[in-house]
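# Overview (structure and organization)
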Amino acid sequence: MKQGLLFFWFAGVVVGLMIRFVGEQGFGSWINFNNNFFFYVLLPPIIFESGWSLKPSHFFSNFGAICTFAFLGTLMSTFVVGTLLWVFGFLGWTYAMPFLVSLTFGALISATDPVTVLAIFNELQVDADLYAYVFGESVLNDAVAIVTYRTLLSFVGVPITGQLVLDAFVYFIGIFVGSLLIGILAAITSALLFKYGHLQEEKLTTLESCLVVLFPYASYMLADGLDLSGIVAILFAGIAMKYYTAPNLSPEAIQVTTSFFQMLAKLSETFVFIYMGVALFLEQQSWHSFGFTFFTVISCLIARIANVYPCSWLTNLRRPPSRKIPIRFQHALWFSGLRGAMAFALALQSVSDLPNGYGQIYLTSTLFTIFFTVLFIGGSTPQLLKYLDIECHVVKDDANAQLIENEEDNEDLELENLHSSGDESKFKNMANKQKLMLQKKIRQIQETTSFATLDKKYIKPFLASNVQDEMKIGDLKDANMKE
């Protein structure tokens, strides 16, 4: 997939170069990347497919860490990139820009690209938890970056005060929470419609698929119409619809819907990468800004450090030892911050959003940053994973994840039996035994107080069909495995 995207990028470069030499009249005059076309046609299927294709077991088991990386990490990355570029400009090493203008660039360039990253990790079959970290961060990160960019843009040109910072924070929270609620509302409405409408019993596969497509786009348009974030709305609509709505669909409708959005997402991503290459010669570039591009790449690498390692430390503080993020995973996370379609779209939009030609500088720097991260960082990812000795296995379905959880419970039961019998030879020392017992108590507390228990007992049975049957089938599978 990475090689394919690079091929399309180079193909776009060749096409753009030919048009540049031949002349931009005629054929070149109608090749124009329209921001509305991107945000209303190309981007929605990419984001929804990311949420729809999510594997819930490892995603939600690492949800706290993912949110830390996506929210706190993206905000830290925005601040670090913006501050470093402002300092470099202040020192006269590159273009000097106002601080808020630099922060807007920090926001748009902090959007990592989920398609490029996930294509590499899917191909290499990386560790399941590492895959969940990268997948979850990259998907939520796009939404956070867009909202942050819009928030900062609305305050450009306004003197920075304490009240301004508070207003920006409230604005950010309001947009994100409001958009999230719209996405969840769309998912709940669709789940109830398909459960009590009994469309799968009437074998109306085409109608089912059409309605499934309607709901995420409706959430996107509604959020955008209310000046919220359609990206956040359609992302959480995809996550919630896969969890609550999909069980109410016929198998044929699920297959059609999944294939349809996969096709749209791949076509959209391909088109964006082709136009990235074409834009090098058809869009007005700031060719003398290579110094700014160099400092952008350096700032992004430093900001990634400020994102991954502190957020991993915060996550590990509230986790038992067996659930801590290993340092080798943290190295891989730092290395996986590739840039792609979202950063390009925001940079292209900044040309009209920002004054004094700042947007053109941002566009040129973003294009070359994307090329650098995809080609050099993405291309060397397999060697890094091999060097870090990261196990290559992905738990691909919830059944396997449940089997692993059952095995962990059996191990804890065995440890308890050994402890009650007084046989301490199986333990290396008393500290290890106490640590293992503490881990079990933590899991028991989480199981009895977490949202997952409430969801399993009340929410999903209300919204989704055949939940009790699925639970019985799961119990039978567990019994057969034990036999």
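Predicted, not measured: the structure shown is a model, and the values here were computed from it.

In this section: the overall build of the chain. Broken down by element type, the chain carries 20 helices and zero strands. Classification of the 483 residues of the chain by burial places 49% in the buried group. Across the chain, contacts joining residues at least 24 apart in sequence account for 83% of those joining residues at least 6 apart. Of the roughly 22,900 Å² that the chain leaves accessible, carbon and sulfur atoms contribute 66%.

With a probe scaled to a water molecule rolled over the atoms, the places where space remains empty come into view. By the definition in use, this model includes four cavities of 30 Å³ or more. Here the largest cavity defines a volume of roughly 100 Å³. As for the largest cavity, its lining consists of Val297, Cys300, Leu301, Arg304, Trp334, Phe335, Gly337, Arg339, Thr369, Phe372, Thr373 and Ile377. When residues of the lining of the largest cavity are traced back to their parent elements, those giving at least two are helix H12 (290–317), helix H13 (327–335) and helix H15 (358–379). A class-by-class count of the residues in the lining of the largest cavity yields seven nonpolar, three polar and two charged.

Turning to the pattern of salt bridges, a few remarks are in order. Under the defined criterion, the tally for this structure stands at one salt bridge. Among the ionic pairs, Glu137 bridges to Arg304, the shortest N-O distance being 2.7 Å. In this pair, Glu137 is assigned in helix H7 (residues 128–153) and Arg304 in helix H12, connecting sequence segments 167 residues apart. You'll find Glu137 and Arg304 in the same group, each marked buried.

This part covers the environment of Ala253. If you trace the backbone, Ala253 turns up in helix H11 (residues 251–282). Taking the C-alpha atoms as reference points, Ala253 and Gln200, separated by 53 residues in sequence, lie 8.4 Å from one another. When residues no more than four places from it in sequence are discounted, the contact partners of Ala253 are Thr205, Glu208 and Ser209.

Compared with the 40 Å implied by 1.5 Å per residue over 28 residues, the 39 Å span of helix H4 (residues 63–90) between its first and last C-alpha is a close match. Taking the largest bend as the criterion, H4 deviates by roughly 35°, centred on Gly73. In the segment just after H4, Gly92 is the residue with positive phi, at about 85°.

Evaluation of the coordinates by the stated rule reveals 24 aromatic pairs. Here the aromatic rings of Tyr40 and Tyr220 are separated by 6.1 Å at their centres, their planes lie at 85°, and the arrangement is edge-to-face. With Tyr40 in helix H2 (residues 35–52) and Tyr220 in helix H9 (residues 205–225), the pair connects residues that are 180 residues apart, well separated along the chain. A relative accessible area of 27% means that Tyr40 is categorised as partly exposed. Ring geometry for Phe371 versus Phe376: centroids 6.4 Å apart, planes at 90°, classification edge-to-face. Each member of the aromatic cluster is reached from another via a ring pair, and the members are Phe48, Trp52, Phe260 and Phe261.

Attention now moves to helix H14 (residues 341–353). With 13 residues, H14 ought to run about 18 Å at 1.5 Å a step, and its terminal C-alpha atoms sit 18 Å apart, in line with that. Along H14, the residues classified as buried are Ala341, Met342, Ala343, Phe344, Ala345, Leu346, Ala347, Leu348 and Ser350.

On to the confidence of the model for the chain, then. With 74% of its residues at a pLDDT of at least 70, the chain reaches an overall mean of 76. Overall, residues 427–431 carries pLDDT values under 50, and its contacts beyond four positions in sequence, including any with other chains, amount to four contacts. In this model, residues 468–483 is a region of pLDDT below 50 whose contacts with residues beyond four sequence positions or in other chains number seven contacts.

A few words on unusual backbone geometry. Even without glycine at this site, Asp227 takes up a positive phi of about 60°. Structurally, the position occupied by Asp227 is in the loop between H9 and helix H10 (230–245). For Asp227, a relative accessible area of 56% gives the class exposed.

Another point: the packing of H14 against H15. In a pair of packed helices, the angle between the axes and the distance between the axes together describe the arrangement. Where H14 contacts H15, the axes come no closer than 7 Å and their chain directions differ by 165°. When the interaxial angle is binned, H14 and H15 end up roughly antiparallel. Both H14 and H15 take part in a crossing whose hand is left-handed. Facing Ala343, Phe344, Ala347, Leu348, Ser350 and Val351 of H14, the residues of H15 in contact are Gly359, Gln360, Tyr362, Leu363, Thr366, Leu367 and Ile370.

Further remarks concern the side chain of Thr373. Within the element layout of this structure, Thr373 appears in helix H15. Of note is the side chain of Thr373, whose polar atom sits 3.0 Å from the backbone oxygen of Ile370. Beyond its immediate chain neighbours, meaning those up to four positions away, Thr373 contacts Gly337, Leu338, Arg339 and Gly378.

Turning our eyes to something else, we now look at a nonpolar patch on the surface. A cluster of nonpolar side chains, contributed by Leu166, Phe169, Val170, Ile173, Val177 and Leu181, occupies part of the molecular surface with about 550 Å² of accessible area. One can find Val170 in helix H8 (residues 162–197).

About the criteria used
Residues numbered from 1 in each chain as written. Predicted model: local features only at pLDDT ≥ 70, side-chain atom pairs only at ≥ 80, totals over all residues. Heavy atoms only, no water. Helix = DSSP H or I, 4+ residues; strand = E, 2+ residues; numbered from the N terminus. Buried < 20%, exposed > 50% of the residue type's maximum accessible area, 1.4 Å probe, protein only. Contact = heavy atoms within 4.5 Å. Areas by Shrake-Rupley, 256 points an atom, 1.4 Å probe, with all protein chains shown as cover. 1 Å grid on protein atoms, 1.4 Å probe; cavity = no way out; pocket = protein on both sides within 12 Å on 5 of 7 lines; lining within 4 Å. Points joined across faces, edges and corners; volume = space filled by probe spheres on them. Nonpolar A, V, L, I, M, F, W, Y, C, P; charged D, E, K, R; others polar. Salt bridge = Lys/Arg side-chain N within 4 Å of Asp/Glu carboxyl O. Expected span 1.5 Å × (residues − 1). Bend = angle between axes of the 7 residues up to and from the residue. Phe/Tyr/Trp six-rings, centres within 6.5 Å; stacked < 30°, edge-to-face > 60°. pLDDT = per-residue confidence, 0-100. Axes fitted to C-alpha atoms, helices over the stretch in contact; angles between N-to-C directions. Parallel < 35°, antiparallel > 145°, perpendicular 65-115°, else oblique. Left-handed = near helix turned anticlockwise from the far one by under 90°. Polar contact = N/O pair within 3.5 Å; in protein donor to acceptor, adjacent residues only side chain to side chain. Patch = residues over 30% accessible without salt bridge, like charges linked within 9 Å, V, L, I, M, F, W, Y side chains within 5 Å.

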